[in-house]
Amino acid sequence: MAMAMAVVVVSISATGVRGQLKMGFYDQSCPGVERLIGSFVRQHVGRVPTVAAALLRLHFHDCFVRGCDASVLLNSTATGVAEKDAPPNLTLRGFDFVERVKTLVEEACPGVVSCADVLALAARDAVTAIGGPSWRAPTGRRDGTVSNMQEALDELPKPSMSFKQLKDLFATKGLGVRDLVWLSGAHTIGIAHCSSFADRLYGSRSAGAGNDTTDPTLDGAYATNLRSRKCRSPNGEDAAVEMDPGSHLTFDLGYYRSLLKHRCLLQSDAALLTDPVAKADVEGIAGGPDEVFFQLFARSMATLSTVEVKTGADGEIRRNCAVVNSPSN
(Lines give C-alpha, C1' and ligand atoms only; values in the text may rest on other atoms or scores of the structure.)
Protein backbone atom coordinates (compact mmCIF):
# COMPACT_ATOMS: atom_id res chain seq x y z
CA MET A 1 0.00 0.00 0.00
CA ALA A 2 2.82 2.43 0.84
CA MET A 3 4.45 1.82 -2.53
CA ALA A 4 1.19 2.36 -4.40
CA MET A 5 0.64 5.66 -2.61
CA ALA A 6 4.17 6.80 -3.47
CA VAL A 7 3.59 6.14 -7.16
CA VAL A 8 0.34 8.15 -7.10
CA VAL A 9 2.04 11.11 -5.46
CA VAL A 10 4.82 10.99 -8.05
CA SER A 11 2.41 10.99 -10.96
CA ILE A 12 0.37 13.90 -9.57
CA SER A 13 3.51 15.96 -9.04
CA ALA A 14 4.74 15.29 -12.56
CA THR A 15 1.34 16.16 -14.01
CA GLY A 16 1.27 19.42 -12.09
CA VAL A 17 4.61 20.47 -13.53
CA ARG A 18 3.70 19.58 -17.12
CA GLY A 19 0.17 20.93 -17.27
CA GLN A 20 -0.67 19.66 -20.74
CA LEU A 21 0.34 16.10 -19.93
CA LYS A 22 -2.37 14.25 -18.06
CA MET A 23 -3.47 10.81 -16.99
CA GLY A 24 -5.96 9.30 -19.41
CA PHE A 25 -5.06 11.70 -22.20
CA TYR A 26 -6.23 9.15 -24.79
CA ASP A 27 -9.32 7.91 -22.94
CA GLN A 28 -11.64 9.43 -25.55
CA SER A 29 -9.47 9.53 -28.67
CA CYS A 30 -7.94 6.05 -28.33
CA PRO A 31 -9.49 4.13 -25.41
CA GLY A 32 -7.53 1.12 -24.26
CA VAL A 33 -4.26 2.14 -25.92
CA GLU A 34 -2.25 1.83 -22.72
CA ARG A 35 -3.58 -1.70 -22.18
CA LEU A 36 -2.72 -2.54 -25.79
CA ILE A 37 0.87 -1.34 -25.38
CA GLY A 38 1.27 -3.00 -21.98
CA SER A 39 0.01 -6.35 -23.20
CA PHE A 40 2.36 -6.40 -26.18
CA VAL A 41 5.35 -5.36 -24.08
CA ARG A 42 4.71 -7.92 -21.34
CA GLN A 43 4.32 -10.68 -23.89
CA HIS A 44 7.63 -9.96 -25.57
CA VAL A 45 9.68 -9.08 -22.49
CA GLY A 46 8.51 -12.37 -21.00
CA ARG A 47 10.19 -14.17 -23.90
CA VAL A 48 13.21 -11.86 -24.32
CA PRO A 49 13.94 -10.12 -20.98
CA THR A 50 16.82 -8.07 -22.42
CA VAL A 51 14.21 -5.98 -24.26
CA ALA A 52 13.55 -4.19 -20.96
CA ALA A 53 17.04 -2.71 -20.68
CA ALA A 54 17.00 -1.77 -24.37
CA LEU A 55 13.73 0.16 -24.13
CA LEU A 56 14.69 1.87 -20.88
CA ARG A 57 18.00 3.06 -22.35
CA LEU A 58 16.27 4.19 -25.55
CA HIS A 59 13.81 6.28 -23.54
CA PHE A 60 16.62 7.78 -21.44
CA HIS A 61 18.68 8.75 -24.48
CA ASP A 62 15.60 10.26 -26.11
CA CYS A 63 14.74 12.44 -23.10
CA PHE A 64 18.28 13.77 -22.69
CA VAL A 65 18.35 15.28 -26.18
CA ARG A 66 15.57 17.75 -27.06
CA GLY A 67 13.41 16.24 -24.34
CA CYS A 68 11.12 13.22 -24.54
CA ASP A 69 10.00 13.81 -28.13
CA ALA A 70 10.99 10.57 -29.92
CA SER A 71 13.71 12.43 -31.86
CA VAL A 72 16.08 9.52 -31.14
CA LEU A 73 13.87 7.35 -33.36
CA LEU A 74 14.26 9.51 -36.47
CA ASN A 75 16.43 8.33 -39.35
CA SER A 76 19.22 10.40 -40.83
CA THR A 77 18.42 12.18 -44.08
CA ALA A 78 20.36 13.61 -47.00
CA THR A 79 20.42 16.96 -45.21
CA GLY A 80 21.48 15.86 -41.73
CA VAL A 81 22.78 13.06 -39.51
CA ALA A 82 20.27 12.08 -36.80
CA GLU A 83 20.77 11.32 -33.11
CA LYS A 84 20.57 7.56 -33.61
CA ASP A 85 23.75 7.67 -35.73
CA ALA A 86 25.81 9.50 -33.10
CA PRO A 87 28.55 7.21 -31.68
CA PRO A 88 26.96 7.01 -28.18
CA ASN A 89 23.73 5.76 -29.78
CA LEU A 90 25.17 3.14 -32.11
CA THR A 91 24.64 0.43 -29.48
CA LEU A 92 21.02 1.40 -28.82
CA ARG A 93 18.48 -1.34 -29.50
CA GLY A 94 14.72 -1.44 -29.61
CA PHE A 95 13.97 0.73 -32.63
CA ASP A 96 12.17 -2.06 -34.47
CA PHE A 97 10.29 -3.02 -31.31
CA VAL A 98 8.94 0.51 -30.86
CA GLU A 99 7.91 0.59 -34.51
CA ARG A 100 6.02 -2.68 -34.07
CA VAL A 101 4.15 -1.23 -31.10
CA LYS A 102 3.42 1.94 -33.05
CA THR A 103 2.03 -0.13 -35.95
CA LEU A 104 -0.44 -1.82 -33.58
CA VAL A 105 -1.45 1.53 -32.15
CA GLU A 106 -1.91 3.03 -35.64
CA GLU A 107 -4.16 0.14 -36.62
CA ALA A 108 -6.35 0.88 -33.60
CA CYS A 109 -6.26 4.70 -33.74
CA PRO A 110 -4.59 6.20 -36.84
CA GLY A 111 -2.72 9.45 -36.28
CA VAL A 112 -3.71 9.83 -32.63
CA VAL A 113 -0.92 8.52 -30.35
CA SER A 114 2.57 9.99 -30.54
CA CYS A 115 5.75 7.95 -30.85
CA ALA A 116 7.03 9.80 -27.77
CA ASP A 117 4.13 8.46 -25.70
CA VAL A 118 4.53 4.97 -27.17
CA LEU A 119 8.21 4.94 -26.15
CA ALA A 120 7.55 6.35 -22.66
CA LEU A 121 4.80 3.80 -21.96
CA ALA A 122 6.71 0.88 -23.47
CA ALA A 123 9.79 1.66 -21.34
CA ARG A 124 7.65 1.88 -18.20
CA ASP A 125 5.82 -1.36 -18.97
CA ALA A 126 9.08 -3.16 -19.81
CA VAL A 127 10.56 -2.29 -16.40
CA THR A 128 7.42 -3.62 -14.73
CA ALA A 129 7.47 -6.77 -16.85
CA ILE A 130 10.98 -7.64 -15.68
CA GLY A 131 9.95 -7.31 -12.05
CA GLY A 132 10.71 -3.64 -11.48
CA PRO A 133 8.44 -0.81 -10.34
CA SER A 134 5.62 0.84 -12.24
CA TRP A 135 4.50 4.44 -12.23
CA ARG A 136 1.44 6.21 -13.57
CA ALA A 137 2.75 8.11 -16.56
CA PRO A 138 0.80 11.13 -17.85
CA THR A 139 0.57 11.30 -21.65
CA GLY A 140 -0.02 13.90 -24.32
CA ARG A 141 3.51 14.31 -25.70
CA ARG A 142 4.03 15.39 -29.28
CA ASP A 143 6.79 14.14 -31.55
CA GLY A 144 9.70 16.37 -32.48
CA THR A 145 10.70 16.96 -36.10
CA VAL A 146 14.41 17.65 -35.57
CA SER A 147 17.14 15.11 -34.76
CA ASN A 148 20.78 16.17 -34.71
CA MET A 149 23.83 13.99 -34.14
CA GLN A 150 25.91 16.80 -32.65
CA GLU A 151 23.30 17.48 -30.00
CA ALA A 152 23.48 13.84 -28.94
CA LEU A 153 27.26 14.11 -28.67
CA ASP A 154 26.95 17.26 -26.57
CA GLU A 155 24.09 16.31 -24.25
CA LEU A 156 24.26 12.60 -23.50
CA PRO A 157 26.16 11.52 -20.35
CA LYS A 158 29.54 9.99 -21.13
CA PRO A 159 30.95 6.92 -19.34
CA SER A 160 34.13 8.83 -18.49
CA MET A 161 32.41 11.77 -16.77
CA SER A 162 33.33 12.95 -13.28
CA PHE A 163 30.69 13.49 -10.62
CA LYS A 164 30.67 17.26 -11.16
CA GLN A 165 30.22 16.84 -14.89
CA LEU A 166 27.31 14.45 -14.33
CA LYS A 167 25.75 16.68 -11.70
CA ASP A 168 25.97 19.73 -13.95
CA LEU A 169 24.58 17.85 -16.96
CA PHE A 170 21.64 16.43 -15.02
CA ALA A 171 20.89 19.89 -13.63
CA THR A 172 20.37 21.20 -17.17
CA LYS A 173 17.50 18.69 -17.44
CA GLY A 174 15.95 19.66 -14.12
CA LEU A 175 17.34 16.55 -12.41
CA GLY A 176 19.15 16.63 -9.08
CA VAL A 177 21.89 14.57 -7.44
CA ARG A 178 19.42 12.06 -6.09
CA ASP A 179 17.86 11.62 -9.53
CA LEU A 180 21.36 10.88 -10.79
CA VAL A 181 21.85 8.22 -8.09
CA TRP A 182 18.44 6.62 -8.53
CA LEU A 183 18.40 6.64 -12.33
CA SER A 184 21.86 5.05 -12.33
CA GLY A 185 20.10 2.07 -10.78
CA ALA A 186 18.84 1.24 -14.28
CA HIS A 187 22.26 -0.36 -14.74
CA THR A 188 20.99 -3.28 -12.71
CA ILE A 189 19.57 -4.63 -16.00
CA GLY A 190 22.05 -3.10 -18.41
CA ILE A 191 25.20 -4.00 -20.28
CA ALA A 192 28.28 -2.03 -21.26
CA HIS A 193 30.76 -2.61 -24.04
CA CYS A 194 34.46 -3.03 -23.34
CA SER A 195 35.29 0.15 -25.27
CA SER A 196 33.34 2.23 -22.74
CA PHE A 197 35.58 1.25 -19.82
CA ALA A 198 38.81 -0.06 -21.45
CA ASP A 199 40.80 2.85 -20.02
CA ARG A 200 39.96 1.62 -16.50
CA LEU A 201 41.54 -1.74 -17.33
CA TYR A 202 44.45 -0.82 -19.59
CA GLY A 203 45.28 2.85 -19.19
CA SER A 204 44.00 4.49 -16.07
CA ARG A 205 43.95 8.28 -16.04
CA SER A 206 44.19 8.45 -12.26
CA ALA A 207 46.96 10.59 -10.85
CA GLY A 208 50.28 8.81 -10.87
CA ALA A 209 49.10 5.95 -13.04
CA GLY A 210 50.91 5.07 -16.22
CA ASN A 211 49.81 3.29 -19.37
CA ASP A 212 48.43 -0.25 -19.11
CA THR A 213 47.57 0.37 -15.48
CA THR A 214 44.32 -0.71 -13.88
CA ASP A 215 42.29 2.07 -12.29
CA PRO A 216 43.09 1.79 -8.56
CA THR A 217 39.43 2.54 -7.73
CA LEU A 218 38.40 -0.70 -9.48
CA ASP A 219 38.46 -3.90 -7.44
CA GLY A 220 41.63 -5.78 -8.42
CA ALA A 221 40.15 -9.27 -8.65
CA TYR A 222 37.21 -7.98 -10.66
CA ALA A 223 39.55 -6.14 -13.05
CA THR A 224 41.68 -9.25 -13.51
CA ASN A 225 38.61 -11.30 -14.33
CA LEU A 226 37.46 -8.73 -16.90
CA ARG A 227 40.87 -8.60 -18.53
CA SER A 228 41.20 -12.38 -18.76
CA ARG A 229 37.66 -13.33 -19.76
CA LYS A 230 35.78 -10.42 -21.33
CA CYS A 231 37.98 -7.52 -22.45
CA ARG A 232 41.24 -9.22 -23.31
CA SER A 233 42.97 -6.26 -24.90
CA PRO A 234 42.35 -2.51 -25.07
CA ASN A 235 41.61 -2.70 -28.78
CA GLY A 236 40.16 -6.18 -29.04
CA GLU A 237 36.62 -7.38 -29.62
CA ASP A 238 34.12 -4.91 -28.19
CA ALA A 239 32.28 -7.49 -26.10
CA ALA A 240 29.17 -6.74 -24.06
CA VAL A 241 29.57 -7.13 -20.30
CA GLU A 242 26.78 -7.36 -17.71
CA MET A 243 26.73 -4.31 -15.45
CA ASP A 244 25.17 -6.35 -12.65
CA PRO A 245 26.79 -9.79 -12.92
CA GLY A 246 24.64 -12.62 -11.66
CA SER A 247 21.32 -10.77 -11.82
CA HIS A 248 21.36 -8.64 -14.96
CA LEU A 249 17.88 -9.86 -15.87
CA THR A 250 16.45 -8.97 -12.46
CA PHE A 251 15.57 -5.46 -11.34
CA ASP A 252 17.18 -5.44 -7.91
CA LEU A 253 19.84 -3.88 -5.68
CA GLY A 254 22.75 -5.78 -7.19
CA TYR A 255 24.11 -2.74 -9.04
CA TYR A 256 24.42 -0.63 -5.88
CA ARG A 257 25.94 -3.43 -3.84
CA SER A 258 28.52 -4.09 -6.55
CA LEU A 259 29.23 -0.36 -6.76
CA LEU A 260 30.12 -0.27 -3.06
CA LYS A 261 32.49 -3.19 -3.64
CA HIS A 262 34.16 -1.16 -6.43
CA ARG A 263 32.99 -3.66 -9.03
CA CYS A 264 31.25 -1.29 -11.42
CA LEU A 265 32.30 -0.99 -15.05
CA LEU A 266 31.96 2.68 -15.87
CA GLN A 267 33.91 5.58 -14.45
CA SER A 268 30.63 7.53 -14.35
CA ASP A 269 29.24 4.91 -11.95
CA ALA A 270 32.34 4.92 -9.76
CA ALA A 271 32.04 8.72 -9.66
CA LEU A 272 28.92 8.42 -7.49
CA LEU A 273 31.15 7.35 -4.60
CA THR A 274 33.31 10.48 -4.86
CA ASP A 275 30.56 12.75 -3.57
CA PRO A 276 29.51 12.43 0.10
CA VAL A 277 25.79 13.01 -0.53
CA ALA A 278 25.62 10.64 -3.47
CA LYS A 279 27.65 7.99 -1.65
CA ALA A 280 25.35 8.20 1.37
CA ASP A 281 22.36 7.69 -0.90
CA VAL A 282 24.01 4.69 -2.54
CA GLU A 283 24.74 3.18 0.87
CA GLY A 284 21.19 3.84 2.02
CA ILE A 285 19.65 2.19 -1.03
CA ALA A 286 22.03 -0.78 -0.96
CA GLY A 287 21.26 -1.44 2.69
CA GLY A 288 17.49 -1.19 2.35
CA PRO A 289 14.72 -3.31 0.85
CA ASP A 290 14.03 -3.44 -2.87
CA GLU A 291 10.75 -1.58 -2.35
CA VAL A 292 12.51 1.63 -1.29
CA PHE A 293 14.69 1.59 -4.40
CA PHE A 294 11.62 0.90 -6.52
CA GLN A 295 9.82 3.95 -5.13
CA LEU A 296 12.83 6.22 -5.61
CA PHE A 297 13.53 4.95 -9.12
CA ALA A 298 9.87 5.40 -10.07
CA ARG A 299 9.93 8.96 -8.76
CA SER A 300 12.93 9.91 -10.86
CA MET A 301 11.59 8.13 -13.94
CA ALA A 302 8.35 10.09 -13.62
CA THR A 303 10.41 13.28 -13.61
CA LEU A 304 12.68 12.21 -16.46
CA SER A 305 9.76 11.26 -18.70
CA THR A 306 8.45 14.85 -18.59
CA VAL A 307 11.75 16.59 -19.42
CA GLU A 308 11.26 19.30 -22.07
CA VAL A 309 8.19 17.57 -23.50
CA LYS A 310 6.41 19.00 -26.52
CA THR A 311 2.64 19.34 -26.26
CA GLY A 312 -0.18 20.86 -28.28
CA ALA A 313 1.04 22.57 -31.42
CA ASP A 314 4.73 22.24 -30.49
CA GLY A 315 5.14 18.92 -32.30
CA GLU A 316 3.35 16.39 -34.47
CA ILE A 317 2.01 12.83 -34.33
CA ARG A 318 4.31 10.80 -36.53
CA ARG A 319 2.72 7.89 -38.40
CA ASN A 320 6.11 6.23 -38.80
CA CYS A 321 8.39 6.84 -35.83
CA ALA A 322 11.52 6.93 -38.01
CA VAL A 323 10.29 9.60 -40.44
CA VAL A 324 8.86 13.10 -40.08
CA ASN A 325 5.39 13.38 -41.58
CA SER A 326 5.38 14.53 -45.21
CA PRO A 327 3.00 17.31 -46.37
CA SER A 328 0.84 14.68 -48.07
CA ASN A 329 0.17 12.75 -44.82
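Residues numbered from 1 in each chain as written. Predicted model: local features only at pLDDT ≥ 70, side-chain atom pairs only at ≥ 80, totals over all residues. Heavy atoms only, no water.

Enquirer: Mind laying out the packing of helix 3 (residues 50-64) against helix 14 (residues 290-304), listing which residues take part and the relevant values?
Expert: Two elements in contact, helix 3 and helix 14, have axes separated by 10 Å at closest approach and are oriented at 45°. One way to sum up the angle between helix 3 and helix 14 is to call them oblique. Mapping the contact onto sequence places Leu56, His59, Phe60, Cys63 and Phe64 in helix 3 and Phe297, Met301 and Leu304 in helix 14. (Axes fitted to C-alpha atoms, helices over the stretch in contact; angles between N-to-C directions. Helix = DSSP H or I, 4+ residues; strand = E, 2+ residues; numbered from the N terminus. Parallel < 35°, antiparallel > 145°, perpendicular 65-115°, else oblique. Contact = heavy atoms within 4.5 Å.)

Enquirer: Can you lay out the state of the cysteines for me, pointing to particular residues and giving the numbers?
Expert: Under the definition given, this model contains four disulfides. Covalently, cysteine 30 is tied to cysteine 109 through a disulfide, its sulfur atoms 2.0 Å apart. Its S-S torsion of about 85° marks the bond between cysteine 30 and cysteine 109 as right-handed, since a negative value means left-handed. With cysteine 30 in the loop between helix 1 (2-17) and helix 2 (33-47) and cysteine 109 in the loop between helix 4 (95-108) and helix 5 (115-129), the pair connects residues that are 79 residues apart, well separated along the chain. For cysteine 30, a relative accessible area of 2% gives the class buried. Taking relative accessible area as the criterion, cysteine 109 reaches 9% and is therefore assigned buried. Bridging cysteine 194 to cysteine 231, the disulfide has an S-S length of 2.0 Å. Classification of the bridge connecting cysteine 194 and cysteine 231 rests on its S-S torsion, roughly -80°, and on that basis the disulfide is left-handed. Of this pair, cysteine 194 sits in the loop between strand 1 (191-193) and helix 9 (198-202) while cysteine 231 sits in the loop between helix 10 (220-229) and strand 2 (240-242), and the two are 37 residues apart along the sequence. Sequential numbering of the bridged cysteines in the chain gives the disulfide pattern 1-4, 2-3, 5-8, 6-7. No disulfide involves cysteine 264; its sulfur sits 14 Å from the nearest other cysteine sulfur, which is in cysteine 231. (Disulfide = S-S within 2.5 Å. Buried < 20%, exposed > 50% of the residue type's maximum accessible area, 1.4 Å probe, protein only.)

Enquirer: Residue-level account of the UniProt feature "binding site: substrate" (unreviewed entry) in the chain, with values.
Expert: Sequence positions flagged by UniProt for "binding site: substrate" (unreviewed entry) are, in local numbering, Pro157. Assignment of secondary structure puts proline 157 in the loop between helix 6 (149-155) and helix 7 (163-171). The contact partners of proline 157, leaving out residues within four places of it in the chain, are Phe60, Phe64, Leu166, Leu169 and Phe170. (UniProt positions renumbered as here; feature names shortened; annotations may be inferred.)

Enquirer: Residue-level account of the pattern of salt bridges, with values.
Expert: Where side chains of opposite charge bring their charged atoms close, a pairing between them can arise. Scanning all chains against the criterion turns up 11 salt bridges. Measuring nitrogen to oxygen at the nearest pair gives 2.9 Å for the salt bridge that ties lysine 102 to glutamate 106. Of this pair, lysine 102 and glutamate 106 both sit in helix 4, four residues apart, roughly one helical turn. For glutamate 106, a relative accessible area of 14% translates into the label buried. Each of Glu34, Arg124 and Asp125 takes part in salt bridges that share partners, so that together they form one network. (Salt bridge = Lys/Arg side-chain N within 4 Å of Asp/Glu carboxyl O.)

Enquirer: Would you mind going over the domain arrangement of the chain in detail, with residue names and values included?
Expert: Per the domain assignment, the segments making up the chain are domain 1 (33-154) and domain 2 (157-303). The distance between the C-alpha centroids of domain 1 and domain 2 comes to 24 Å. For the pairing of domain 1 and domain 2, the buried interface totals around 1,500 Å² over both sides, and the portion due to carbon and sulfur atoms is 80%. On the surface where domain 1 and domain 2 come into contact, there are zero salt bridges. Applying the counting rule to domain 1 against domain 2 returns two residue pairs in polar contact (both at pLDDT 80 or more). Sorting the residues of the side of domain 1 that touches domain 2 by element identifies helix 3 and helix 6 as the ones contributing at least two each. Tallying contributions element by element places helix 3 first for the side of domain 1 that touches domain 2, with seven residues. For the side of domain 1 that touches domain 2, the class distribution of residues is 11 nonpolar, six polar and one charged. (Domains from an automatic or database assignment. Buried area = accessible area lost by both parts, 1.4 Å probe. Polar contact = N/O pair within 3.5 Å; in protein donor to acceptor, adjacent residues only side chain to side chain. Nonpolar A, V, L, I, M, F, W, Y, C, P; charged D, E, K, R; others polar.)

Enquirer: Can you lay out the packing of helix 2 against helix 5 for me, pointing to particular residues and giving the numbers?
Expert: Put simply, helix 2 and helix 5 touch, their axes get as near as 9 Å, and they point 45° apart. Taken together, the axes of helix 2 and helix 5 are oblique relative to one another. The chirality of how helix 2 crosses helix 5 is right-handed. Mapping the contact onto sequence places Glu34, Ile37, Gly38, Val41, Arg42 and Val45 in helix 2 and Val118, Leu121, Ala122, Arg124, Asp125, Ala126 and Ala129 in helix 5. (Left-handed = near helix turned anticlockwise from the far one by under 90°.)

Enquirer: Tell me about the packing of aromatic side chains, and name the residues and values.
Expert: If you walk through the whole model with that rule in mind, you get 13 aromatic pairs. Between phenylalanine 251 and phenylalanine 294, the aromatic rings sit 5.8 Å apart at their centres with planes inclined by 65°, giving edge-to-face as the arrangement. Placement of phenylalanine 251 in the loop between strand 2 and helix 11 (254-260) and of phenylalanine 294 in helix 14 is noted, with a sequence separation of 43 residues between them. The pair phenylalanine 251 / phenylalanine 294 is uniform in exposure class, with both members buried. The residue whose ring lies beneath lysine 84 is phenylalanine 95, and the NZ or CZ to ring-centre distance is 4.4 Å. (Phe/Tyr/Trp six-rings, centres within 6.5 Å; stacked < 30°, edge-to-face > 60°. Lys NZ or Arg CZ within 6 Å of the ring centre and 35° of its normal.)

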